[in-house]
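Structure at a glance
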Amino acid sequence: MLELSILGFLHDGPLHGYELKERIHGLSGHLRPVSDGALYPALTRLVKAGLLESRTEPGAGGAARRTLSLTDAGRAELRSRLSEPKEADITDGQRFNTVLAFLGLLDSPAAQAAVLRRRLDFLETPASFFYRDGAPVRAEQEPDLFRAGMLRVARATGTAEKAWLKETLALLEA
């Protein structure tokens, strides 16, 4: 997801590494903080792969700053990753939010709808954090106060997300 965030934020225009890190932190840092030890090797990989261009510019305080921008190959890679997200990018809520943050960059409403349809299909499959005899446990069946709370919050969140997905799919598919 780090690479998708990098490609997505650089789609808007060139950024310095620190600015990029701050944007990524704003998107998901409260849940999954990005360290320099993860960010800068990812940037190096993307530059070597020809997806990013890196140039050195004079910094405001005298120290040189590295500016990163998306190449045409990087734009194509971004579209590919958004059009066909991995299964984990659909099933994990935080990863899906990263996809969602950049899904508007796809030009095709049909391609956008296909991604949302996958998420909706996943959410409509009965599931739980807890199972009893192979069946998902519902909040009303859970005797533990805190587990029941987890299940209630997850149900409310899932209900709201499914409603939004259905509304958005109706707009995209109209």
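See above for the structure.
Worth saying up front: this structure is predicted, and the values here are computed from it rather than measured.

Thresholds applied
Residues numbered from 1 in each chain as written. Predicted model: local features only at pLDDT ≥ 70, side-chain atom pairs only at ≥ 80, totals over all residues. Heavy atoms only, no water. Helix = DSSP H or I, 4+ residues; strand = E, 2+ residues; numbered from the N terminus. Buried < 20%, exposed > 50% of the residue type's maximum accessible area, 1.4 Å probe, protein only. Pairing = 2+ DSSP bridges. Contact = heavy atoms within 4.5 Å. Axes fitted to C-alpha atoms, helices over the stretch in contact; angles between N-to-C directions. 1 Å grid on protein atoms, 1.4 Å probe; cavity = no way out; pocket = protein on both sides within 12 Å on 5 of 7 lines; lining within 4 Å. Points joined across faces, edges and corners; volume = space filled by probe spheres on them. Nonpolar A, V, L, I, M, F, W, Y, C, P; charged D, E, K, R; others polar. Salt bridge = Lys/Arg side-chain N within 4 Å of Asp/Glu carboxyl O. Phe/Tyr/Trp six-rings, centres within 6.5 Å; stacked < 30°, edge-to-face > 60°.

1. Digging into the environment of Pro 126
Checked against the element boundaries, Pro 126 lands in the loop between helix 7 (109-123) and strand 4 (131-132). Judged by its relative accessible area of 66%, Pro 126 is exposed. Taking C-alpha positions, Pro 126 is 20 Å from Pro 143, a pair spaced 17 residues apart along the chain.

2. Here we look at the sheet that holds strand 3 (residues 65-70)
Taken in spatial order, the three strands of this open sheet run 1-3-2, and their pairing is antiparallel. Among the strands making up the open sheet, the edge pair consists of strand 1 (15-16) and strand 2 (52-57). In this sheet, strand 3 lies alongside strand 1 in antiparallel orientation, the contact comprising two bridges. Paired with His 16 across the strands is Thr 67, a residue of strand 3. Strand contacts of helix 3 (residues 36-48): strand 2 and strand 3, with the helix running at about 55 degrees to strand 3, the strand carrying the most contacts.

3. Focus on the side chain of Ser 69
For Ser 69, the position within the fold is in strand 3. Aside from chain neighbours lying at most four places away, what touches Ser 69 is Pro 14, Leu 51, Leu 52, Glu 53 and Arg 55.

4. A closer look at the pairing of strand 3
Relative to strand 3, strand 2 runs antiparallel, the two sharing six bridges. What sits directly across from Arg 55, in strand 3, is Thr 67.

5. Quick notes on the layout of surface pockets
In this structure, the largest pocket occupies an estimated 780 Å³ of space. Lining the largest pocket are 23 residues; nearest its centre among them are Leu 123, Ala 127, Ala 154, Arg 155 and Gly 158. Breaking the lining of the largest pocket down by element, the ones donating at least two residues are helix 7 and helix 8 (145-173). Top contributing element to the lining of the largest pocket by residue count: helix 8, with eight residues. A class-by-class count of the residues in the lining of the largest pocket yields ten nonpolar, seven polar and six charged. There is about 190 Å³ of room inside the second largest pocket. Along the walls of the second largest pocket sit Met 1, Glu 3, Leu 4, Arg 81, Glu 84, Pro 85, Lys 86, Asp 89 and Arg 95, which together make up its complete lining.

6. Describing the environment of Trp 164
Its place among the elements puts Trp 164 in helix 8. Residue classification places Trp 164 among the partly exposed positions, given a relative accessible area of 37%. Sequence-wise, Trp 164 and Leu 120 are 44 residues apart; in three dimensions their C-alpha atoms are separated by 9.7 Å. Among all residues touching Trp 164, those that are not within four sequence positions of it are Leu 100 and Leu 116.

7. Overview of the pattern of salt bridges
Summed over all chains, the structure comprises 13 salt bridges. A salt bridge links Glu 140 to Arg 138, with the shortest nitrogen-to-oxygen separation between them at 3.8 Å. Several salt bridges share partner residues, and in doing so they unite Glu 3, Arg 45, Glu 77 and Arg 81 into one network.

8. Looking at the packing of aromatic side chains
Taken as a whole and assessed by the stated rule, the structure comprises two aromatic pairs. Their ring planes at 90 degrees and their centres at 5.0 Å tell us that Phe 9 and Phe 102 sit as a pair that is edge-to-face. Remark: Phe 102 occurs in helix 6 (residues 93-102) and Phe 9 occurs in helix 1 (residues 2-11); sequence separation between them is 93 residues. Overall, the relative accessible area of 13% leaves Phe 9 in the buried class.

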